Amino acid sequence: MTDSTVHVPAVAEQISASKPRRSKDVLWLVLPAALGVVAGFIWWLLAPGGLNLVSGNPDLANAANPGSWLPRDLVLAALMLLAGCLTGVMLDGKLNGDGAARRLAFALLGGALGAVFAWLIGLLAAQLLGPAPDPALGPGFGFTLRSYAVLVLWPAAIAFITFVLALFGVLSKKPVK
């Protein structure tokens, strides 16, 4: 006699076990994007043309002053590099096993979204909390970002830190005799 029993619950258990892991992987997309909101507000607080907490120079406090454009972009660049390095270091132990490529892709995409959110939230904070720009100067004078390449620094820092930490991990393993 043959027994035609089908073991469907074992397959269902595997699917339900991988579901929470995938939802945890999505956090690598959501958390950097949420951190971008915080970074945008910090950018406005620190940068010349915003509250100008970094320099305190009254000449740089005016957003229409061309001398404040480079320091403003550099403050956002520093925030992007810091956030990317922190994300890359947090991602270090998570790139082993199943879903490692997915976690890395989510972290890179989350970093890109975080950078765009930081830029937009900084501009929004300047419009809501800062002084009104002088309309006689035109739309290019005010709290803006002059170098859009700064937005690439967050995902680039994630990729670089991940590469360096993975390289150190491979080099630190002792060869098998």
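Right above here is the structure, for reference.
Residues numbered from 1 in each chain as written. Predicted model: local features only at pLDDT ≥ 70, side-chain atom pairs only at ≥ 80, totals over all residues. Heavy atoms only, no water.

1. Details of the overall build of the protein
Along the protein, the regular secondary structure elements total six helices and zero strands. Secondary structure of the protein in N-to-C order comes out as α-α-α-α-α-α. Burial statistics for the protein: of 177 residues in total, 32% are counted as buried. Within the protein, contacts between residues at least 6 apart in sequence are counted, and of these 76% link residues at least 24 apart. Total accessible area on the protein is roughly 11,100 Å²; 72% of this is exposed by carbon and sulfur atoms. (Helix = DSSP H or I, 4+ residues; strand = E, 2+ residues; numbered from the N terminus. Buried < 20%, exposed > 50% of the residue type's maximum accessible area, 1.4 Å probe, protein only. Contact = heavy atoms within 4.5 Å. Areas by Shrake-Rupley, 256 points an atom, 1.4 Å probe, with all protein chains shown as cover.)

2. Details of the side chain of D73
Summarising the element assignment, D73 is placed in helix α4 (residues 69–91). Buried within the structure, D73 lacks any salt-bridge partner; R72 is the closest side chain of opposite charge, at an N-O distance of 5.6 Å. Of the polar contacts made by the side chain of D73, one reaches the backbone nitrogen of R146; its length is 3.2 Å. (Lys, Arg positive; Asp, Glu negative; His and termini not counted. Salt bridge = Lys/Arg side-chain N within 4 Å of Asp/Glu carboxyl O. Polar contact = N/O pair within 3.5 Å; in protein donor to acceptor, adjacent residues only side chain to side chain.)

3. Here's the deal with unusual backbone geometry
Backbone phi values are negative for most residues with the exception of glycine, while trans is the configuration of most peptide bonds. A positive phi angle, near 60 degrees, is found at N52, a position not held by glycine. Tracing the backbone through its elements, the reader meets N52 in the loop between α2 (27–46) and α3 (58–61).

4. Side note on the packing of helix α5 (residues 100–129) against helix α6 (residues 153–172)
The angle between the axes and the distance between the axes are what describe a pair of packed helices. As a packed pair, α5 and α6 sit with axes 7 Å apart at the nearest point and diverge in direction by 150 degrees. Relative to α6, the element α5 is oriented roughly antiparallel. Within the contact between the two elements, α5 uses L104, A107, L108, G111, A112, G114 and A115 and α6 uses W154, P155, I158, A159 and T162. (Axes fitted to C-alpha atoms, helices over the stretch in contact; angles between N-to-C directions. Parallel < 35°, antiparallel > 145°, perpendicular 65-115°, else oblique.)

5. Examining the packing of aromatic side chains
Counted by the stated rule, this structure contains three aromatic pairs. Note on W43 and F143: the rings are 4.6 Å apart at their centroids and 50 degrees apart in plane angle, and the pair reads as tilted. Taken as a pair, W43 in helix α2 and F143 in the loop between α5 and α6 lie far apart in primary sequence, 100 residues in all. Per residue, the accessibility class of W43 equals that of F143, and both read buried. Ring geometry for W119 versus Y148: centroids 5.5 Å apart, planes at 75 degrees, classification edge-to-face. One end of the pair, W119, is in helix α5; the other, Y148, is in the loop between α5 and α6, with 29 residues separating them in the sequence. Above the plane of the ring of W69 lies R146, whose end atom (NZ or CZ) is 3.6 Å from the centre. (Phe/Tyr/Trp six-rings, centres within 6.5 Å; stacked < 30°, edge-to-face > 60°. Lys NZ or Arg CZ within 6 Å of the ring centre and 35° of its normal.)

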